[in-house]
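What follows is the residue order along each chain.
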Amino acid sequence: MRLCVIPARGGSKRIPRKNIKEFNGQPIIAYSIKVAIASKCFDKVIVSTDDVEIAEVAKSFGAEVPFFRPQELSNDYAGTISVIKHAIEWFDNHKQFPSEVGCIYPTAPFVQVDAIRNAYEQMQLENTDYCFSLTSFAFPIQRAVKLTPEKRINMFYPDFFEKRSQDLIEAYHDAGQFYWGKAEAFKLQKPFFSSIASPYILPRHLVQDIDTKEDWKRAELMFKVLKHSGELV
């Protein structure tokens, strides 16, 4: 069984009720649910939540909520892998045995059907434990700076000050959209950021992590432009 897990706890602090907050006309979690269903990659699309309202919204858009997530996996420190492991083991205990699992974040309105399908095929072709979305940093991380307690500037890596940008190694970060993985890898809690994972590279203009109100506003503006241009289906 191929399982999709959308992890959506109720306790978001920086953006209250973030996972069901209206985003360009509908609850933001609806985008992830609809893409998961439209991809036809999954036998089940579920939302893992501790919140009754989120559960009702999720079900109204076609997801299943077969259980409520325990409190110890619903705090600020609960990691994605632990949440997915819990979902897999719930199904194992109910005699339904996931083989591969796709995790789609509930605040990923730019996620696309083709990306979900292609990343799954890439994981199978390359025989990796995971395949997940990455995108490149827009600026060389080797030239990053930090502020001192006195509000002055220090470089993280001063040795790179004289280096040309084209001579610096390009760096990537998690795009915050989705992860594919073998169920056994999740159950063993193998790390994402390792040689057992295959990167699915997304262009920067299709990526926006949403953690703050400023992120949210930027994402809404980006979404409108991308919909108008036809880059979002």
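Report follows, based on the coordinates. Residue positions are given per chain, counting from 1 as you read along its sequence in written order. The model is predicted, so local features are restricted to residues of pLDDT at least 70 and side-chain atom pairs to those at 80 or more, both for listing and for counting; the totals for chains, interfaces and linings are taken over all residues. Only hydrogens and water are set aside when side-chain values are computed; all heavy atoms of the structure are taken into account.

Some details on the pairing of strand S9 (residues 172-182)
A regular strand places its side chains on the two faces of the sheet in alternate fashion. Examined bridge by bridge, strand S5 (residues 100-104) and S9 share five bridges and lie antiparallel to one another. Each bridged residue has a counterpart across the sheet, and for Glu-100 the counterpart in S9 is Lys-182. Strands are labelled as partners when DSSP assigns at least two bridges between them. Secondary structure elements are defined from DSSP: runs of H or I of at least 4 residues count as helices, runs of E of at least 2 residues count as strands, and each element is numbered from the N terminus. With six bridges connecting them, strand S6 (residues 130-136) and S9 associate as antiparallel partners. From the neighbouring strand, Tyr-130 faces S9, where its bridge partner is Gly-181.

Observations regarding the sheet that holds strand S10 (residues 197-201)
On the basis of which strands lie adjacent, the open sheet formed by six strands has the order S4-S1-S5-S9-S6-S10 and mixed pairing. Sheet topology places strand S4 (44-48) and S10 at the edges, where each strand pairs with a single neighbour. Pairs of neighbouring strands in the sheet enclose a mean axial angle of 25 degrees, with direction left out of account. With four bridges connecting them, strand S1 (residues 2-7) and S5 associate as parallel partners. Across the sheet, residue Val-5 finds its bridge partner in S5, namely Cys-103. What makes two residues a contact is simply this: any of their non-hydrogen atoms within 4.5 Å. Note on definitions: angles span 0 to 180 degrees between N-to-C directions of axes, and those axes are lines fitted to C-alpha atoms, for helices only across the stretch in contact. Contacting S1, S5, S6, S9 and S10, helix H4 (residues 113-126) runs over the sheet at an angle of about 65 degrees to S9.

Points about the pairing of S4
Any residue under 20% of the maximum accessible area for its type is buried, any over 50% is exposed, and the rest in between are partly exposed; the area is computed with a 1.4 Å probe on protein chains only. Of all five residues making up S4, five are buried, and the element is well covered by its neighbours. Side chains Lys-44, Ile-46 and Ser-48 project from S4 onto one buried face, and the interleaved Val-45 and Val-47 project onto a second face that is buried too. In this structure, S1 lies alongside S4, joined through five bridges in parallel fashion. Counted as the bridge partner of Leu-3 is Lys-44 from S4.

Here we look at the state of the cysteines
When two cysteine sulfur atoms are found within 2.5 Å, that pair is recorded as a disulfide. Evaluation of the coordinates by the stated rule reveals zero disulfides. Cys-4 takes part in no disulfide bond, and the closest cysteine sulfur, belonging to Cys-103, lies 7.5 Å away.

Looking at the pattern of salt bridges
Counted as salt bridges are all cases of a side-chain nitrogen of Lys or Arg within 4 Å of a carboxyl oxygen of Asp or Glu. Counting across every chain of the model gives 13 salt bridges. The salt bridge involving Lys-18 is made with Asp-211; its shortest N-O contact spans 3.7 Å. With Lys-18 in the loop between S1 and strand S2 (22-23) and Asp-211 in the loop between S10 and helix H6 (213-229), the pair connects residues that are 193 residues apart, well separated along the chain. Given the relative accessible area of 24%, Asp-211 is considered partly exposed.

As for the environment of Val-35
Here Val-35 shows up in helix H1 (residues 28-39). Residues Val-35 and Ala-78, 43 residues apart in the sequence, show an inter-C-alpha distance of 25 Å. Beyond its immediate sequence surroundings of up to four residues, Val-35 is in contact with Val-111, Gln-112, Val-113 and Ile-116.

Here we look at a nonpolar patch on the surface
Patch members must show over 30% relative accessible area and no salt bridge, and they are joined within 9 Å when carrying like charges or within 5 Å when they are nonpolar side chains of Val, Leu, Ile, Met, Phe, Trp or Tyr. The Shrake-Rupley method, run with a 1.4 Å probe, gives the accessible areas here. Residue values count only the displayed protein chains as cover. Among the surface-exposed residues, Val-145, Leu-147 and Ile-153 lie close enough to one another that they form a single nonpolar patch of about 320 Å² accessible area. On the secondary structure map, Ile-153 appears in strand S8 (residues 153-155). For Ile-153, a relative accessible area of 59% puts it in the exposed group.

Here we look at the nonpolar core
Residues belong to a common nonpolar core when they are buried Ala, Val, Leu, Ile, Met, Phe, Trp, Tyr or Cys residues joined through side-chain atoms within 4.5 Å. Ile-29, Val-47, Ile-116, Phe-178 and Trp-180 are the most contacted members of the largest nonpolar core, which has 55 residues in total. Per-element accounting of this core gives the leading share, six residues, to H4. The contact partners of Ile-116, leaving out residues within four places of it in the chain, are Val-35, Ser-39, Cys-41, Phe-42, Ile-104, Val-111, Phe-178 and Trp-180. Counting residues in hydrophobic clusters, the runner-up holds 13 residues, among them Leu-206, Trp-216, Ala-219 and Phe-223.

In short, geometric facts, not functional conclusions.
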